[in-house]
Amino acid sequence: MRFFGHKKTVSVQTIRRLPQYLRLLQEWRGYGRELASSTDLADATHLPAIVVKKDLQAVGAPSKRRSGFKITGTIEAIENFLGWDNLKKAFLIGVGHLGGALLGFEGLKTHGLEMVAAFDTHPERVGTQIHGVPVYHTAQLKSMIESKGLKIAVLTVPKEAAQGLTDTLVDSGIKAIWNFAPVKLRVPEGVVVQQEDIGAGLAELCSKLH
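This next bit is on the side chain of Glu 79. Mapping Glu 79 onto the fold places it in helix α4 (residues 71-82). At 3.4 Å, the side chain of Glu 79 forms a polar contact with the side chain of Gln 26.

Structure (structure tokens):
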């Protein structure tokens, strides 16, 4: 996600590859390994070794001459670059099937995001807890954002409701939106939107089948 903030500008492609390296390095560290070459990572990710090397150099991964990258130091460099070493609090709007699944996804904490609240309008959801996260009525959105000082929102609502809720979020001081609604949001400068287009991903998958 681009909204976690980076110390330098790198390509979106590099950012999307970093979690692959991180998972492998964490696994290898668990086996007791201390070093990994760009060739090792290239073989495991099916990427050119030069691409892997440039990606890791871009985030300041420490290396040992002729031996490869230091695994622990490289893990720390990637987590620091992505901001995953500093847990950020966020909330979710729209506790349907997708929203509920995201609330239950433990991997979010691993990636630096902690869900502290959720919002919905359905009377059977409001006032409950889903995967340990309290669900409030959407009418409480603005006051909760301001009282808790939250800056990151996750939208899993129908497209018809997305822009109106976005306007409320921006007015309340939200600076980053992870949007799963199938609509392009209009936001002012200074507010970052990460669009997750499930339809586009499915279309790409289907096209590859042909």
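Through backbone hydrogen bonds, the strands of a sheet pair up, either in parallel or in antiparallel fashion. As summarised here, the arrangement of the three strands in space is β1-β3-β2, forming an open sheet in which the pairing is antiparallel. Only two strands of the sheet have a single neighbouring strand rather than two, namely β1 (35-36) and β2 (63-64). By the bridge criterion, two bridges tie β2 to strand β3 (residues 68-70) in an arrangement that is antiparallel. Paired with Ser 63 across the strands is Phe 69, a residue of β3.

Let us look at the nonpolar core. Leu 25, Leu 56 and Ile 78 are the most contacted members of the largest nonpolar core, which totals 23 residues. When residues of this core are traced back to their parent elements, those giving at least two are α1 (12-30), α2 (38-45), α3 (49-58) and α4. Looking at this core, the element that brings in the most residues is α1, giving seven residues. Ile 78 has contacts with Leu 18, Tyr 21, Leu 22, Leu 25, Leu 56 and Val 59, leaving out every residue within four places of it along the chain. Of all hydrophobic cores here, the second largest spans 19 residues; its members include Ile 145, Leu 165, Ile 177 and Ala 181.

Applying the stated criterion to the full structure yields five salt bridges. Here Arg 17 makes a salt bridge to Asp 55, at a shortest N to O gap of 2.7 Å. Taken together, the residues Arg 17 in helix α1 and Asp 55 in helix α3 connect sequence positions 38 residues apart. For Asp 55, a relative accessible area of 3% puts it in the buried group.

In this section: the sheet that holds strand β8 (residues 152-155). Taken together, the seven strands give an open sheet; going across it, the order is β6-β7-β5-β4-β8-β9-β10, and neighbouring strands pair in mixed fashion. Where the open sheet ends on each side, the last strands, each with one partner, are β6 (129-130) and β10 (192-195). Note: β8 against strand β9 (residues 176-179), four bridges, orientation parallel. Looking at the pairing, Leu 155 lines up with Asn 179 of β9. Relative to strand β4 (residues 88-93), helix α7 (residues 141-148) is tilted by about 175°, and along the sheet it contacts β4, β5 (113-120) and β7 (133-137). Its contacts with the sheet place helix α8 (residues 159-171) against β4, β8 and β9, and it is angled at close to 170° to β8.

Conventions used here
Residues numbered from 1 in each chain as written. Predicted model: local features only at pLDDT ≥ 70, side-chain atom pairs only at ≥ 80, totals over all residues. Heavy atoms only, no water. Helix = DSSP H or I, 4+ residues; strand = E, 2+ residues; numbered from the N terminus. Polar contact = N/O pair within 3.5 Å; in protein donor to acceptor, adjacent residues only side chain to side chain. Pairing = 2+ DSSP bridges. Core = buried A, V, L, I, M, F, W, Y, C linked by side-chain atoms within 4.5 Å. Buried < 20%, exposed > 50% of the residue type's maximum accessible area, 1.4 Å probe, protein only. Contact = heavy atoms within 4.5 Å. Salt bridge = Lys/Arg side-chain N within 4 Å of Asp/Glu carboxyl O. Axes fitted to C-alpha atoms, helices over the stretch in contact; angles between N-to-C directions.

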